[in-house]
Structures are given as structure tokens and as C-alpha cells.
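Residue-level structure breakdown
These are the residues of each chain, in order.
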There are 10 protein chains.
Amino acid sequence: MKYLVHMDVKLPVDLPASEAAGIKAKEKAYSQELQRSGKWPEIWRVVGEYANYSIFDVGSNDELHDILQNLPLFPYMEISVVPLAKHPSDVKD
Amino acid sequence: MKYLVHMDVKLPVDLPASEAAGIKAKEKAYSQELQRSGKWPEIWRVVGEYANYSIFDVGSNDELHDILQNLPLFPYMEISVVPLAKHPSDVKD
Amino acid sequence: MKYLVHMDVKLPVDLPASEAAGIKAKEKAYSQELQRSGKWPEIWRVVGEYANYSIFDVGSNDELHDILQNLPLFPYMEISVVPLAKHPSDVKD
Amino acid sequence: MKYLVHMDVKLPVDLPASEAAGIKAKEKAYSQELQRSGKWPEIWRVVGEYANYSIFDVGSNDELHDILQNLPLFPYMEISVVPLAKHPSDVKD
Amino acid sequence: MKYLVHMDVKLPVDLPASEAAGIKAKEKAYSQELQRSGKWPEIWRVVGEYANYSIFDVGSNDELHDILQNLPLFPYMEISVVPLAKHPSDVKD
Amino acid sequence: MKYLVHMDVKLPVDLPASEAAGIKAKEKAYSQELQRSGKWPEIWRVVGEYANYSIFDVGSNDELHDILQNLPLFPYMEISVVPLAKHPSDVKD
Amino acid sequence: MKYLVHMDVKLPVDLPASEAAGIKAKEKAYSQELQRSGKWPEIWRVVGEYANYSIFDVGSNDELHDILQNLPLFPYMEISVVPLAKHPSDVKD
Amino acid sequence: MKYLVHMDVKLPVDLPASEAAGIKAKEKAYSQELQRSGKWPEIWRVVGEYANYSIFDVGSNDELHDILQNLPLFPYMEISVVPLAKHPSDVKD
Amino acid sequence: MKYLVHMDVKLPVDLPASEAAGIKAKEKAYSQELQRSGKWPEIWRVVGEYANYSIFDVGSNDELHDILQNLPLFPYMEISVVPLAKHPSDVKD
Amino acid sequence: MKYLVHMDVKLPVDLPASEAAGIKAKEKAYSQELQRSGKWPEIWRVVGEYANYSIFDVGSNDELHDILQNLPLFPYMEISVVPLAKHPSDVKD
């Protein structure tokens, strides 16, 4: 079941650089583990912004929320979620 | 080069059913040809709306505009385009 | 799996009264069948508006979209969908 | 009398963890007592957000405001309230 | 129980003048009957707009919705409702 | 001459409690004096928010601005003002 | 007493040219009479739009509403009004 | 003197094709004459939209408004204008 | 050449009172000098807000920007600018 | 390939003046180097704002993002990007 997720990162400008680096490293590891599992099949950078659009493929709303609220950057992000359905013109089966 | 495109269809409620059906059939054929070519790799229905989110993979802004303005439903849609870049955490090479 | 759905009805003011009545009767029957099935457990009128907030309880995004796009009033409504998850303070098990 | 309430929590990122934990514990106890009383029959997490949609069932606007402004998280939330009426298609009596 | 209600009238510009006059006359009679009953204690014109802000004083959300949806101008208005509570600084008892 | 005024209070979360209490006490006294003078005939709490809708009845725009900018909470509020006129359906003379 | 008024004209594209010309001629005469009376001291075109910003100088909210709702273009305009007060830095006495 | 202008074309879907073609042909000729004169140095299509961003280089606000309101598509466009100044980092003299 | 300028002042609530007073005194002097020069012919307070609407009359976009960015309150304001043209109904020559 | 980019600078008001000056000097050097390379052919100040509109001419979305995220002011800016295509009325070849 697919969802389009927009994540907009708002790191405080006075966050110490080392702390920011630590959070970003954890975020990257967490994201890549989920990408490899197939639950986070796509992630793109929005050009010009510290933000991404991602596709998630999970079994339920609860599973998606659990994944998102455990993002290391979660306290610093505004996230919005659009549930997706199969499009009748989609050629993939 | 990837773009996230949102298409929101606003067919006039008084459009004759046969005319609407004709436009939708052309739209489907046009979309599926582009999907098969690899230029329109993803299309999802937005749940509850006559709208879709799509990913396009084209060589330039001009090519994308050319594809979009030739959509049979183009005169009846509001379209917005977000240019995408590779995300540094993306595990795909 | 729960979703909060907002439906805002925009019937054209020049729609013949008998036609409007026919669509509304079909909408009511369709809604009540889904309510009785357990897939549409709650529906409330927004005070002062020709609109409702509803809770849907379905198995997937696809099932919800299929239900919504078959609403007899679908061509006359603006619909927005918010996916819901279990709240950690919810006392219901 | 029903109301749909949206609560969006904006905890300052520099709030000490122990203080935040204390407020959240009080919030949970307060919410669960009201849920058990029947005045707060539904609470759902918005997927991907530190926010909830809730249904309140109270005797008056004043009673609802009194409940909401005593939420331990009240100083840290943006709250919006939609008054609800019975829907003519509702099958529940 | 008080509510602040905003009504914005959007009469189609091609509505025949006699029909518009008939609806407005019914609206005025309906409004004045409710004003005299005490349920619609205040109505003000918004300067420069075909719109009003009103105060309603009714027993429930359902009663307010019933009053509003029976307004003769209801099909031509956008209405929004804000539930009000007693203010702690209010000097009226 | 009537005006609808919306006041939305945004006290900094780190304002010392005693200082906040002092400002609120001054605000209450100032408001009640104006209510008793007839210049501030109505004040209602917006349900669920630290905000109010008020009616002011003053002789001029200048007088209203003078009253509002002297509110002890003025530096912490977002205020918006809607000028009101007599409504042709108003039964009060 | 001054007010800043924004008027945005939305003439239907299918309004017959002669009818449109008649309304505009009446509008111009009505506006110029009020300008000469001193009640409408300033009117500017918004660059690129069929819209204007104007200053009105009248005795009350009621007088301003009466002037605005009698504009020949009133049924075709969206109007918004901002009440103005004397600025403490204004050098004019 | 430079201005950034955004033009969003909203042709009625029921405008006869020949009439639309006539207006567009006049628009193109009018635009190209101004481009060649140096007053309209840049025009770009917004990808995916029937809209453009343009740069105008004219002597005054009045001249710009005169140019814009004489666009053959003016009755069918929403136009917004941003006045531009020289940027201190601009390397062009 | 006229421009309508809206300035919304957002002084930090923790700015020391003496520092704020100093900036405001400079702002007043700067504004009054420009008013006397004829370049800032009108300034009005927005009722209920720490904001003003002003009319500027300058020779170019660059001159206006130069004036505005030198306002002592510039770092604390949100400013928006609307270029104005002569209105065809304006009776002033 | 052209893009319209809007950059809105939000420097914290408590950033030390010397630090701000250092960042701005680096920003200017970085911008001018890119202007001279042809990748940033236009930059204009938005009148009255600490913001600019710029045109970028680059080979890909990735190249544009790379340029933008390396702006010394990037952590202090809100940036939005509009992809542009050749306009059919453009007289330049």
C-alpha cells in the first residue's frame, strides 16, 4: 500500500554542528535500512530545499506512522502524508 | 531527470458523457504509451480525488512541458510540477 | 484501518430539483448500506454547511478510493482524506 | 453534542526531556479519564504528525472549552474545533 | 449557547431580478422571526461586502444547523461557524 | 459604530508565570472598565483557543486603535478588525 | 475617517460589450461625483489588474457601506476594507 | 526599470476554437512586437501550465499597466506584478 | 510614480525597551524627513495592528527599494509593495 | 535549461553583525562566480524585501540543487524553484 510523504526539515540554526551531524547520520542509516527492506522504495530531494518527497510501501496506516515517528529527524520535520491507490491507467500489474 | 507532477482533473459537470469518455480514452492511451517508453515511470491515484501524482523521467524542462501540454485532459486539469534531485541517502545507484 | 474523510458538496444551483433529489436518494442508500456493513462507521454533518466529516474503516487505500469514487455525489464533491493511526492514549483496545 | 477537534502539538525542541515526559504523562492520564467518562469518545493519531483528531461529546460549548483549556499540553498546542450535527443519512438512532 | 456565524452571499449574476427579490424577501422574514424569538440576537453587515456576521443563541449544534440550512439563501451562501464560550473577563453575568 | 475584533494571544512559553499573571490581571481590569463604559459591549472566548471575538462600539477608527494598542496583552496578540454596518434585516432600531 | 478599500472587478467574459460599457460609464460618473465631494479622495489602478486601491474619507462605517453597495459594479466586485487611523509619525496635522 | 510578471491564462473551455485561435494569434503578434522593442525582454513558459513568467523593462508603472491591459488575452488572465530593483551582487553594470 | 506599501512590524518581545525606543525614534525621524520631501506622501496606521499602509511617490523601483531598506525598522518588518498606476476615473489631473 | 528561483533571506535578528557580514561576503563571491560562469544569468532584488528572484541556466535538476544547497546563506533562506520551458512566442532563437 503506497503513500506519498513530504518531509520538510527545519533544523534550528543554533543546533551545534556536531549534534546535527549525529542526528543526520542516524537518519541516513535508518532511512537506508528501510529502503533496503522495500518499505521506503523511493526518496527524492526537492530541488532547492532541505526537504524530500518519498514513497512508502507498507501494510497499514499504523505501520507507516510507527516508521515516521521513529525518524531521528522527526522532532525537526513537518511531515504530510497522501494515501495513494492504484491508477486505472497504470501499466504495471 | 525526475519530476513529481500533480494533476487535478476538473471536468465540467455538463460535459456530455460520450465526449468525456472519448477524452478519457485518449488520455489513457497517451499515458500508457509514455509509461511504456519509460518517460512516465509512476502514476498513482490520490485517494478520494479525481487526481493523480506521477513521476516523470525526461531529458529536459522543455520535454516535460511538451508531454504535459499534449495530454488530452490538459485543458481540464490544474497541474503543478516539482523538480526532483537525487537524495544523498538514496540507496539506488 | 481508519481514515477521516471530509466531503464538501457543491451542487450546481441550476441542477433541476428532481435530478438533485434522485442523486441524493441514491447517495443516502449507498451510504447507509456501507454504514451497515461497518466500513463507514461514522458520519456527521458540519454545522452550517452542506458537508460532512466521516470515519471509514477499510482494509486498504484502494478499497477506500473504490468506495469514494462510487459515491453518487462524487462528481459534485470536494473530498479530502486523512489517514489515521491508533493513538497511544486511546483506552479502547 | 459532538465536536471534531484537531490538536497539533508544537513542543519547543529545547524543552528538557524530563519536563516533556512529565507533561505527556499528565496529558495521557487526563485524556484517558475523559475517554472513560464518555466525554472524549474517540482519539486518533494523524499519520506522520504529532497531532490528533478527536471526537468530544459534551453538553455545551462552555464545557468543551473548559475541558480543552485544562489539557496539560494546552500551552503547546494549536487547537481547532468543528461543531457537528446529526447527519440525515446516519443509520444510528 | 452562542455561536459566531459568517454568511457570504454569492448570488449568480444571471439570477432573474424578480427571483432574487423573492428569495431576499423570504430571507428577511425568516431572519426577523428568529431575531424576535431570541435565537438570532445580533446581525451586522460586513462593510463593503454582501455578507454578514451574526450571533446565534441556541440550545444545541443540531438546532443551529437546522436553522441555518433552512435559510432561503442557504444554497447561495458560504457559511462558517465558530462556537463561543463565556469569556472569564466578561462582566455580564 | 460597531467593529468585530478577533484577538489571538501568543504568550511566549518561557514567560515567567508571575509576569504572565500580572499582565493578565491588568488586561482583565482594562477590559472590564471598557465593558462597563459601553465601548466593549461583547467578549466571547473562542472554544479551544486562547483567543476571543469581541464587539467594540466606539466613535471612530482612531478611538478603536487607541483602545486596542493600550491593551496590556497588545505586544503578545495578533489582532484583526472588521468594520460593521447596520444590517437591513436587523429588527433592533 | 479613512479606509483603504481594495476593489477587484470580475466581469463575466460573456457579458455583452454594450451592457459592460453602460455599467462602466455609470461607475465612472458615480466615482467622480464622490471624488469631487471629498469622500473618495484617492483612487489608483493596481498595475496589471482590473482592480483598484482607493482611500475613502467618510463619517461612519454605515456611510462607507452605503457608498460601496451602490457602486454600479458592486455585483461584479470583490471588495475588502481596512479601517485606518492616524499614524503617530504622520507630519500632516 | 524591471518587473517580474506572472500571467496565468484561464480560457473558458467552451470558447469556440476559432475564436480562441484568433485571440492567441493577436496575443503572439502583440507580444513579439514588444519583445523586439526591448520592453518585454524575457518570456518563459511555466512547465506544465498555461502560464508564463516574463520580465518587462519599461519607464514607469503607468507604461507597464498600459502594455498589460492591452494584451489580447487580458480578459482571460490573472496577472501579478513584482517590481524589481538592481541586486547589489549583480555583476552586470 | 506611486506605490502602496504595507509594513508589518514584528519587534522581538525580548528586545530591551531602551533599544526599541531608540530604533523607533530613528524610524520616526527618517519617515518624517521623507514625508516632508514629498517622497512618502501618506502614512496610516492599520487599526488594531502594529502596521501601516503608506503611499510612496518616487522616480523608480530602485529609489523605492533604497528608501525601504534604509528604514531603521527594516530588519524587524515584513514589507510588501504594490505598484500603482493612474486610474482612468481619477478626477485629479 | 532555465529555472526561476525565489530566495527569501531570514537572518536571525540576534546574529552577530560580524558573522552576518562574513556570510554575506561569501554569498556575494559565490554568486558572482556563478553569474560569470553563465549558470546564474540574472539576479534581481525584490523591492522592499530581503529577497531576490533569479534565473538559473544549468544542465539538470541535480546541478541546480547542488548549486543552491552550497549557497552560504542556504541555512537562512526559504527557496522555491519553478522550472521554465521555451515560450512559443519567444522571439529569441
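Residues numbered from 1 in each chain as written. Chains lettered and ligands numbered in written order. Predicted model: local features only at pLDDT ≥ 70, side-chain atom pairs only at ≥ 80, totals over all residues. Heavy atoms only, no water.

In the annotation of an unreviewed UniProt entry, the entry for chain A reads Muconolactone Delta-isomerase, and the organism field reads Pseudarthrobacter quantipunctorum.

1. Some thoughts on the overall build of chain A
Which entries qualify depends on this criterion: Elements are defined by DSSP. Helices are runs of H or I of four residues or more, strands are runs of E of two residues or more, and each kind is numbered from the N terminus. Burial classification: accessible surface area is computed with a 1.4 Å probe over protein chains only, and a residue below 20% of its type maximum counts as buried, one above 50% as exposed, and the rest as partly exposed. Two residues qualify as a contact provided that any one of their heavy atoms is within 4.5 Å of a heavy atom in the partner residue. Residue-level accessible areas treat just the shown protein chains as cover; the underlying method is Shrake-Rupley with a 1.4 Å probe. His is not counted, nor are the chain ends, whereas Lys and Arg count as positive and Asp and Glu as negative. Here the site of a charge means NZ on Lys, CZ on Arg, CG on Asp, or CD on Glu.
A tally of regular secondary structure across chain A gives two helices and four strands. Along chain A, from the amino end to the carboxyl end, the secondary structure elements read β-α-β-β-α-β. Across its three principal axes, chain A shows a C-alpha extent of roughly 50 × 25 × 20 Å. Going through the 93 residues of chain A one by one, you find that 53% of them count as buried. Residue pairs at least 24 apart in sequence account for 66% of intrachain contacts in chain A once pairs closer than 6 positions are excluded. Surface summary for chain A: the accessible area is close to 4100 Å², and the carbon and sulfur share equals 51%. Charged side chains of chain A number 10 positive and 14 negative; the gap between the two group centres comes to 6 Å.

2. What about the relation of the copies chain A and chain B?
Short version of the rule: Here the copies are matched by least squares. The fit uses the C-alpha atoms of residues with pLDDT of at least 70 in both.
If you rotate chain A by 180° and push it 0.0 Å along the axis, it lands on chain B with an RMSD of 0.0 Å. The operation mapping one copy onto its partner corresponds to a two-fold rotation axis. Mapped onto chain B, 100% of the interface residues of chain A are again interface residues, and the two copies thus contact each other with one and the same surface.

3. Quick look at the relation of the copies chain F and chain I
Each copy superposes on the other: chain F lies on chain I with an RMSD of 0.0 Å after a rotation of 72° and an axial shift of 0.0 Å. The superposition of one copy onto the other is thereby described by a five-fold rotation axis.

4. Brief notes about the packing of aromatic side chains
All names here are of chain G. For the record, the criterion: The aromatic pairing rule takes the rings of Phe, Tyr and Trp, using the six-membered ring of Trp, and pairs them if the centres are within 6.5 Å, calling planes under 30 degrees apart stacked, those over 60 edge-to-face and the rest tilted.
Under the defined criterion, the tally for this structure stands at 10 aromatic pairs over all chains. A centroid spacing of 4.5 Å and a plane angle of 35° characterise the contact between W40 and F56, whose relative ring orientation is tilted. In this pair, W40 sits in the loop between α1 (17-37) and β2 (42-46) while F56 sits in strand β3 (residues 51-57), placing the two residues 16 residues apart along the sequence. Note on W40: relative accessible area 1%, which makes it buried.

5. A closer look at the environment of A29 of chain G
Within the fold, A29 of chain G resides in helix α1. With 48 residues separating them along the chain, A29 of chain G and M77 of chain G place their C-alpha atoms 17 Å apart.

6. Comments concerning the interface of chain A and chain B
We apply this condition: Buried area adds together the accessible area that both of two parts lose upon being put together, with accessible area traced by a 1.4 Å probe. For salt bridges, the criterion is a side-chain nitrogen of Lys or Arg within 4 Å of an Asp or Glu carboxyl oxygen.
Contact residues are listed per partner, giving 28 residues for chain A and 28 residues for chain B. In total, chain A and chain B occlude about 2600 Å² of area from one another, counting both sides; carbon and sulfur atoms represent 62% of this. Our count for the contact surface shared by chain A and chain B stands at two salt bridges. Residue K92 of chain A is joined to E42 of chain B by a salt bridge in which the shortest nitrogen-to-oxygen separation is 3.0 Å.

7. Some details on the interface of chain F and chain I
Note: interface size is frequently given as the accessible area lost on complex formation between the parts. Note the cut-off: In this classification, the charged set is Asp, Glu, Lys and Arg, the nonpolar set is Ala, Val, Leu, Ile, Met, Phe, Trp, Tyr, Cys and Pro, and all remaining amino acids, among them Gly, are polar.
Taken together, the contact pairs 10 residues of chain F with seven residues of chain I. Here chain F meets chain I over a buried area of about 660 Å², counting both sides, of which 68% is carbon and sulfur. Considering only the surface of chain F that becomes buried against chain I, H65, F74 and I79 of chain F emerge as the three largest contributors, covering 51% of it. Applying the counting rule to chain F against chain I returns zero salt bridges. With four residues, helix α2 (residues 61-69) of chain F is the largest single contributor of residues to the side of chain F that touches chain I. Per-class residue counts for the side of chain F that touches chain I are eight nonpolar, two polar and no charged.

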